[in-house]
Amino acid sequence: MNRPALSVVIPCYNEAACLALLHARVSAAARAAVGEDYEIVLINDGSRDESWAVMQQLSAADPRLVAINLSRNHGHQLALTAGLDLCSGAQILIIDADLQDPPELLADMRRTMVEQDADVVYAVRRKRAGETLFKKATAAIFYRMLDRMTDTAIPLDTGDFRLMSRRALDALMSLPEQARFIRGMVAWVGFRQVPFAYDRAERHAGETNYPLGKMMRLAFDAVTGFSTAPLRWASHVGLALTAVSLLLIVYIAVGWLSGSAVQGWTSTMLVNVVLGAVQMFVLGMIGEYLGRLYIESKRRPLYIVADVAGPVQGRATLGF
Ligand code: UDP
Ligand code: MG
């Protein structure tokens, strides 16, 4: 198989307004880095706007552009997985479609990869322009909590923007799970991985496709995918409550023996309410893991491809 030197993989959801500029800037950056020896892989993740039509037009005019149309919205991480499956480059650049991650950094990232003899160069956000205080704060808290809970060292303030070697990508693609937190999975894979600091730009057009709900889901996938700490906490809470209830039993027994036992709606209710809440919380936590176990056990394909535009002959890995 003749591999291009570079694949640029870009998941897109409702990004029609960004695609033309994205294509121009990514092409220029790729050409500056490797000449004509590159490919761009766009994944349309079930967009509700004109993204797929625009992608088809772009790919008709550019033989280096492959566009994949997924059968519906599969979510950022699975759309990215589809592109990573399909791409064939010796180096792989993952980048967002909204131009928050400047493609022009490619040259520096490639230099860093060579100089530091790394398999992964991951971009760490120094500043994040045009994002709400809420998003920045929740992201900062999330990355730090995740770091404390997991055994895998997942880099702080790092998205999926990164340059990878083919062997690191092949290792990544050997992980079969459905609930994918790709930046964590890349960290798990190992090899030499080095940070690359950059300032995150504002979105070129449109608005974020990561509302609170999706962010929480990604956070849950990250935590449950890389840590069983919450299950451990569940048993710790159980132990602590057992200790407290032992004390309570002594207290109740003393009250009964001394004949002053009748009393307290307040304390009974308190115990009821607190215990009820803690039990539901712990059950919910166990349920999160159980649900994921169930989903994984079905072994469904990660994504379904509906159409492909561009040069795809000779690709072995199309998921349909
Ligand atoms: N994305 C996707 N599927 C989705 C949501 C997002 O492919 O269901 C893509 C989106 O087009 C973008 C990247 O994932 O290229 C990051 O999304 P976004 O910019 O909305 O997230 P933010 O930068 O606000 O965290
Ligand atoms: Mg964005």
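The rules behind each value
- Residues numbered from 1 in each chain as written.
- Chains lettered and ligands numbered in written order.
- Predicted model: local features only at pLDDT ≥ 70, side-chain atom pairs only at ≥ 80, totals over all residues.
- UniProt positions renumbered as here; feature names shortened; annotations may be inferred.
- Near = placed C-beta within 6 Å.
- Helix = DSSP H or I, 4+ residues; strand = E, 2+ residues; numbered from the N terminus.
- Nonpolar A, V, L, I, M, F, W, Y, C, P; charged D, E, K, R; others polar.
- Buried ≥ 20, exposed ≤ 12 C-beta atoms within 10 Å, placed from the backbone.
- Pairing = 2+ DSSP bridges.
- Axes fitted to C-alpha atoms, helices over the stretch in contact; angles between N-to-C directions.
- Contact = placed C-beta atoms within 7 Å.
- Domains from an automatic or database assignment.
- Core = buried A, V, L, I, M, F, W, Y, C linked by C-beta atoms within 7 Å.
- Parallel < 35°, antiparallel > 145°, perpendicular 65-115°, else oblique.
- Left-handed = near helix turned anticlockwise from the far one by under 90°.
- pLDDT = per-residue confidence, 0-100.

The protein carries the name Dolichol-phosphate mannosyltransferase in an unreviewed UniProt entry, which gives Sphingomonas carotinifaciens as its organism. The UniProt entry for the protein carries this comment under Sequence similarities (unreviewed entry): "Belongs to the glycosyltransferase 2 family. GtrB subfamily." Of the protein, the UniProt comment under Subcellular location (unreviewed entry) reads exactly: "Cell membrane".

Participant: Is there a simple way to think about the site of ligand 1 in this case?
Facilitator: Neighbouring residues of ligand 1: 16 residues in total, closest Pro 11, Tyr 13, Ala 97, Thr 208 and Asn 209. When residues of the shell around ligand 1 are traced back to their parent elements, those giving at least two are strand S1 (6-12) and helix H3 (76-86). Of the residues belonging to the shell around ligand 1, the class tally is six nonpolar, six polar and four charged.

Participant: How should I be thinking about the UniProt feature "transmembrane region" (unreviewed entry) in the protein in this particular structure?
Facilitator: In the UniProt entry, the feature "transmembrane region" (unreviewed entry) is given for residues 237-257 and 269-290. Between the first and last C-alpha atoms of residues 269-290 the distance is 31 Å; the span itself is 100% helix and 0% strand.

Participant: Is there a simple way to think about the UniProt feature "domain: Glycosyltransferase 2-like" (unreviewed entry) in the protein in this case?
Facilitator: Sites flagged by UniProt as "domain: Glycosyltransferase 2-like" (unreviewed entry) map to residues 7-171. Secondary structure over residues 7-171 splits into 45% helix and 24% strand, and the C-alpha atoms at its two ends are 17 Å apart.

Participant: When you look at H3 in this model, what are you seeing that I'm missing?
Facilitator: Among the 11 residues in H3, 11 count as buried, and that is most of the element. Restricting attention to buried positions, one finds in H3 the residues His 76, Gln 77, Leu 78, Ala 79, Leu 80, Thr 81, Ala 82, Gly 83, Leu 84, Asp 85 and Leu 86.

Participant: Explain the sheet that holds strand S8 (residues 305-309) to me, please; I cannot follow it from the model alone.
Facilitator: The strands that make up a sheet are held in pairs by hydrogen bonds between backbone atoms, and each pair lies either parallel or antiparallel. With mixed pairing, eight strands are arranged side by side in an open sheet as S7-S5-S6-S4-S1-S2-S3-S8. Two strands lie at the open edges of the sheet, namely strand S7 (193-200) and S8, each paired on one side alone. Put simply, the sheet's adjacent strands are angled 20° from each other on average, direction ignored. The strands that helix H6 (residues 166-173) touches are strand S4 (91-94), strand S5 (120-128) and strand S6 (158-165); relative to S6, the one it contacts most, it runs at about 120°.

Participant: Sorry, what's going on with the domain arrangement of the protein here?
Facilitator: Accessible area lost when the parts come together is the quantity often used to give the size of an interface. Segmentation of the protein into domains returns domain 1 (6-226 + 301-319) and domain 2 (228-298). Computed over C-alpha atoms only, the centres of domain 1 and domain 2 are separated by 43 Å. The leading source of residues in the side of domain 1 that touches domain 2 is helix H8 (residues 212-226), at three residues. Considered class by class, the residues forming the side of domain 1 that touches domain 2 number four nonpolar, two polar and one charged.

Participant: I'm lost on the nonpolar core in this one. Help?
Facilitator: What tends to happen in soluble globular proteins is that the nonpolar side chains get buried as a cluster. Ranked by size, the top nonpolar core spans 62 residues in total, and within it Val 8, Val 9, Ile 10, Val 41 and Leu 42 carry the most contacts. With eight residues, the single largest contributor to this core is helix H1 (residues 16-34). In this structure Leu 42 touches Ile 10, Cys 12, Met 55, Leu 65 and Ala 67, once residues within four positions along its chain are discounted.

Participant: Would you mind going over the pairing of S5 with me for this structure?
Facilitator: On a regular strand, one side chain projects to one face of the sheet and the next to the other, so that they alternate. By the bridge criterion, four bridges tie S5 to S6 in an arrangement that is antiparallel. Bridge assignment links Val 120 to a residue of S6, and that residue is Met 164. Pairing of S5 with S7, which is carried by eight bridges, proceeds in the parallel orientation. Each residue of the ladder has a partner; that of Arg 128, found in S7, is Arg 200.

Participant: Looking at this model, I keep getting lost on the packing of H6 against helix H7 (residues 182-189). Mind explaining?
Facilitator: Where H6 contacts H7, the axes come no closer than 9 Å and their chain directions differ by 115°. With respect to each other, H6 and H7 are oriented roughly perpendicular. Pair H6 / H7 crosses with right-handed handedness. Contact residues: Ala 168, Ala 171 and Leu 172 in H6; Met 185, Val 186 and Val 189 in H7.

Participant: Help me understand unusual backbone geometry, please; the structure alone is not making it clear to me.
Facilitator: With the exception of glycine, most residues fall at negative phi, and the peptide bonds are largely trans. Positive phi outside glycine occurs at Asp 157, with the angle close to 50°. Tracing the backbone shows Asp 157 in the loop between helix H5 (133-149) and S6. Classification of Asp 157 as partly exposed rests on a count of 18 C-beta atoms within 10 Å. For Phe 191, which is not glycine, the phi dihedral falls at a positive 65°. Of note, Phe 191 is situated in the loop between H7 and S7.

Participant: Looking at this model, I keep getting lost on the environment of Ala 197. Mind explaining?
Facilitator: The residue Ala 197 is located in strand S7 in this model. Classification of Ala 197 by C-beta neighbours within 10 Å gives exposed; the count is 10. For the pair formed by Ala 197 and Arg 125, sequence separation is 72 residues and the distance between their alpha carbons is 6.1 Å. If sequence neighbours within four positions are ignored, Ala 197 has contacts with Val 124 and Arg 126.

Participant: Would you mind going over the confidence of the model for the protein with me for this structure?
Facilitator: Low-pLDDT stretches of the model should not have their predicted coordinates read in fine detail. On average, residues of the protein score 86 in pLDDT, and 97% of them reach the 70 mark or higher. Model confidence for the complex: the whole-complex pTM is 0.78, and ipTM, which rates the interface, is 0.94.

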